[in-house]
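What follows is the residue order along each chain.
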Amino acid sequence: MYKLKFLVSGFLVAHQALALWPAPHSMETGNSHLAVDVEKIAYNICSASNQILENAVKRYSELICKEKFSPPLDYNITAIKTSGSFSTLDISVENASSELSIDTDESYSLNISDDGYASLLSKTVYGAIRGLETFSQLVLYNDNHHVIKNAPVSITDKPEFAHRGILLDTSRNYYSISSIKRTLDAMAYTKMNVLHWHIVDSQSWPVESKFDPELQAKGAYSKDMVYSHSDVTDIINYSKNLGIRVIPEFDMPGHTYIVGMNRPDLMSCMDTQPLWDTHAAEPPSGQLNIAKPEALKYAEDIVREYSELFTDNVFNVGGDEVNRKCWTEDQFVIKHLKDNPKETVETLIEKFYKHIYKTIDDVKKTPMCWEETLLHTNFTLPKNSIVQAWIEEESVPKIVDMGYRVVASPYTSSYLDCGHGAWLGNMPKGNSWCDPFKTWMRIYTYDPYVNITDSAKQDLVIGGEVALWSEQADDIVVDKLLWPRAAAAGELYWSGPYQPGTSTPRDLNEASIRIAEHRFRLVARGINAEPTQPLWCIRNPGRCNLPPAAPKSS
């Protein structure tokens, strides 16, 4: 059986014989334990292969060889008695294509016999990568030896959602390439598969531009804080080797102050101080002047350059937090509307989006945007678009009711920067706008299917993301801000919000044991994840729970 229940000082706790994260779709285990000589495991690719699969086998064989991971609940157990030894993992994939997209099949099956042999079967190389991660978590360290517990092990696994991502904002503060790669490693350990790279914003333009080199020359924080085209390609290739897609976001027409450092002639409401809040969600204010044909052409050039650089089929053009007052108070826009009485700010917004989305279609990309483009404008969004919901949980059912695919990331359960206090310079008693801090439990218990009962509409919920906006984050603190909270989203979107075959939410007490173990595993693998609880609580499951409410006296 998957779960073993035991009593700890009066608390009935679900202890995982094999505490995998994320939880597999189904798993059956036995009672035998196998000794493992990690230096002598034979990894056999028994089918067609490619470089990505071969790299993955090499990567995981090296990881397993050097890793000496003991689960925190095993801190005082005696030596595990083994009844056999493990020797061989045979790997077979049906399709050795390296193509990676939202439609890629990541399913796999892993079977470990009690006589020391294992088979890993998958449809694609990326399913094999997910299976290798699971296999690596099964190899534990006990009494100076590696073991696989509870053989035979039979796992059949697949993701509930195709899109399981992290949004990383590299504009407000810069992140080194090494920190981005470390984040990608942790994502792979958690079976997450999308890096939503919010690469530019009002504060900086940290990516090389070929069509206008002055963009990064005047828009980056420094010459050392620029991702060259080769850097971007390196990150894309690194990600693909882990089975992770990179979706870029170039937010427009709002959040574009930094363009004005080079092209002020294209802009409206540039850095209106001190009342920046009349024109923007945060400083500095500045939006492309949508009444100027040159601004539309410039936005088109951005899409054309970076849609070629970024290889994923999806291209995100943002569209959030557009401030109408920025344009209604702009003298050029005022004159334009006076000269063209049939036009309004709303028709100009619609015209801008028509131009941008036609460009996306021209370059054969699938558009992605924030929910405001669909819900807060008159623009008719192409039906192949992917819409990201963030304002409220109810946005998700609204979007699928309109027939669009949605990525769920409501700030109430998905924004990892919240609860860190005010970052504006004169708010000594201020809080973050999106308080409270989002614990892993808050993330884990979010239901992306809430108020969506129709199965066809549920299918339009393609997944979700947690977001790390970087007003108060950079590569020094990124690990602890992301992990293990992002791992809660990793299981939510891989395993689904419900216990298998039911509409019952997953057991939070059971998950707390496994995520604590996963956090220790991440730390052992070089990810500086923050603890979920004091170690005493982790070693004594259930004894640090909120006490039940006392019965009311009659």
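An unreviewed UniProt entry lists the protein chain under the name Beta-hexosaminidase, with Smittium simulii as the source organism. Entered under Sequence similarities (unreviewed entry) in the UniProt record, the comment concerning the protein chain runs "Belongs to the glycosyl hydrolase 20 family." Turning to the protein chain, the UniProt annotation filed under Catalytic activity (unreviewed entry) states: "Hydrolysis of terminal non-reducing N-acetyl-D-hexosamine residues in N-acetyl-beta-D-hexosaminides."

Some points on empty space enclosed by the protein
Counted under the stated rule, the structure contains 4 cavities of 30 Å³ or more. Taken as a whole, the largest cavity holds about 100 Å³ of empty space. In terms of lining residues, the largest cavity is bounded by 15 residues, among which Ser-202, His-255, Ala-280, Ala-281 and Glu-282 are the most central. For the lining of the largest cavity, the class distribution of residues is 4 nonpolar, 7 polar and 4 charged.

Observations regarding helix α3 (residues 177–189)
Its 13 residues place the ends of α3 19 Å apart at the C-alpha level, agreeing with the 18 Å of an ideal helix rising 1.5 Å per residue. Of all 13 residues in α3, 10 are buried; the element is thus mostly enclosed. Taken together, the buried positions of α3 are occupied by Ser-179, Ile-180, Lys-181, Thr-183, Leu-184, Asp-185, Ala-186, Met-187, Ala-188 and Tyr-189. Lys-191 sits one or two residues past α3 and shows a positive phi near 60°.

Observations concerning the UniProt feature "domain: Beta-hexosaminidase eukaryotic type N-terminal" (unreviewed entry) in the protein chain
The feature "domain: Beta-hexosaminidase eukaryotic type N-terminal" (unreviewed entry), as annotated in UniProt, sits at residues 20–138 in this numbering. In residues 20–138, helix accounts for 25% and strand for 33%; the two terminal C-alpha atoms are 8 Å from one another.

With respect to the packing of aromatic side chains
Taken as a whole, this structure holds 27 aromatic pairs when the rule is applied. Considering the side-chain rings of Trp-205 and Tyr-306, the 6.2 Å spacing of their centres and the 50° angle between planes classify their relative orientation as tilted. Taken together, the residues span a long stretch of sequence, with Trp-205 in the loop between β12 (194–198) and α4 (214–219) and Tyr-306 in helix α6 (residues 293–309) at a distance of 101 residues. Relative accessible area serves as the criterion here: at 3%, Trp-205 is assigned to the buried category. Residue Tyr-306 is classed as buried on the basis of its relative accessible area, which comes to 0%. What links up through ring pairs into an aromatic cluster is the set Tyr-174, Trp-197, Trp-205, Tyr-227, Phe-250, Tyr-306, Phe-310 and Phe-315. Lying across the ring of Tyr-189, Arg-525 places its NZ or CZ 4.7 Å from the centre.

Brief notes about the layout of surface pockets
Over the atoms rolls a probe the size of a water molecule, and in doing so it shows where empty space is left. The computed volume of the largest pocket comes to approximately 610 Å³. In terms of lining residues, the largest pocket is bounded by 35 residues, among which Glu-282, Asp-417, Trp-423, Trp-433 and Glu-471 are the most central. Here the lining of the largest pocket is composed, by residue class, of 19 nonpolar, 7 polar and 9 charged. Residue-level mapping places the lining of the largest pocket at the junction of two domains, with at least three residues from each of domain 2 (160–250 + 385–397 + 404–504) and domain 3 (255–382).

Regarding the domain arrangement of the protein chain
Parsing the protein chain into structural domains produces domain 1 (26–157), domain 2 (160–250 + 385–397 + 404–504) and domain 3 (255–382). Relative to domain 3, the C-alpha centre of domain 1 lies at a distance of 49 Å.

Some words on the pairing of strand β13 (residues 245–249)
The element β13 is largely enclosed, with a buried count of 5 among its 5 residues. Taken together, the 5 bridges between β12 and β13 define a ladder with parallel strand orientation. Within β13, the residue paired with Val-194 across the bridge is Arg-245.

Details of the environment of Gln-273
Secondary-structure assignment places Gln-273 in the loop between β14 (267–268) and β15 (287–288). Taking the relative accessible area as the measure of exposure, Gln-273 reaches 48% and is therefore partly exposed. With 10 residues separating them in the primary sequence, Gln-273 and Pro-283 have C-alpha atoms 8.7 Å apart. Separated by 2.9 Å, the side chains of Gln-273 and Asp-271 make a polar contact.

A closer look at the state of the cysteines
A full pass over the atoms with the stated rule returns 3 disulfides. Residue pairing for Cys-537: its cysteine sulfur links by disulfide to Cys-544, the two sulfurs lying 2.0 Å apart. Its S-S torsion of approximately -75° makes the covalent link between Cys-537 and Cys-544 left-handed. Take Cys-537: its relative accessible area is 9%, and that puts it in the buried class. Here Cys-46 is not disulfide-linked; the sulfur of Cys-65 is the nearest cysteine sulfur, at 19 Å. We classify Cys-46 as partly exposed; its relative accessible area is 45%.

Remarks on the pattern of salt bridges
Tallying each qualifying case throughout the model produces 31 salt bridges. We note a salt bridge from Glu-106 to Arg-130, for which the minimum N-O separation is 2.8 Å. Of this pair, Glu-106 sits in the loop between β6 (88–95) and β7 (108–112) while Arg-130 sits in helix α2 (residues 125–138), and the two are 24 residues apart along the sequence. Take Glu-106 and Arg-130: they sit in the same class, and that class is buried.

Overview of α6
The end-to-end C-alpha distance of α6, which contains 17 residues, comes to 25 Å, matching closely the 24 Å that a straight helix rising 1.5 Å per residue would cover. Where burial is concerned, most of α6 is hidden: 12 out of the 17 residues are buried. Among the residues of α6, Ala-295, Leu-296, Tyr-298, Ala-299, Glu-300, Asp-301, Ile-302, Val-303, Glu-305, Tyr-306, Ser-307 and Leu-309 are the ones counted as buried. On its buried face, α6 sits against α4, α5 (229–241), β15, β16 (314–316) and α9 (345–362).

Focus: the packing of helix α1 (residues 51–66) against α2
Axis separation between α1 and α2 bottoms out at 10 Å; the angle between their running directions is 5°. Relative to α2, the element α1 lies roughly parallel. Contact residues: α1 offers Ile-52, Leu-53, Ala-56, Val-57, Arg-59, Tyr-60 and Ile-64, while α2 offers Val-125, Tyr-126, Ala-128, Ile-129, Leu-132, Glu-133, Phe-135 and Ser-136. Among the residues forming the contact of α1 with α2, the class breakdown is 12 nonpolar, 1 polar and 2 charged.

What about the UniProt feature "active site" (unreviewed entry) in the protein chain?
When the UniProt feature table is mapped onto this chain, "active site" (unreviewed entry) is found at Glu-321. Structurally, Glu-321 can be placed in the loop between β16 and α7 (325–328). The contacts of Glu-321, once residues within four sequence positions are left out, are His-255, Ala-281, Gln-287, Glu-372 and Trp-390.

Here is what the cut-offs are and how they apply
Residues numbered from 1 in each chain as written. Predicted model: local features only at pLDDT ≥ 70, side-chain atom pairs only at ≥ 80, totals over all residues. Heavy atoms only, no water. UniProt positions renumbered as here; feature names shortened; annotations may be inferred. 1 Å grid on protein atoms, 1.4 Å probe; cavity = no way out; pocket = protein on both sides within 12 Å on 5 of 7 lines; lining within 4 Å. Points joined across faces, edges and corners; volume = space filled by probe spheres on them. Nonpolar A, V, L, I, M, F, W, Y, C, P; charged D, E, K, R; others polar. Helix = DSSP H or I, 4+ residues; strand = E, 2+ residues; numbered from the N terminus. Expected span 1.5 Å × (residues − 1). Buried < 20%, exposed > 50% of the residue type's maximum accessible area, 1.4 Å probe, protein only. Phe/Tyr/Trp six-rings, centres within 6.5 Å; stacked < 30°, edge-to-face > 60°. Lys NZ or Arg CZ within 6 Å of the ring centre and 35° of its normal. Domains from an automatic or database assignment. Pairing = 2+ DSSP bridges. Polar contact = N/O pair within 3.5 Å; in protein donor to acceptor, adjacent residues only side chain to side chain. Disulfide = S-S within 2.5 Å. Salt bridge = Lys/Arg side-chain N within 4 Å of Asp/Glu carboxyl O. Contact = heavy atoms within 4.5 Å. Axes fitted to C-alpha atoms, helices over the stretch in contact; angles between N-to-C directions. Parallel < 35°, antiparallel > 145°, perpendicular 65-115°, else oblique.

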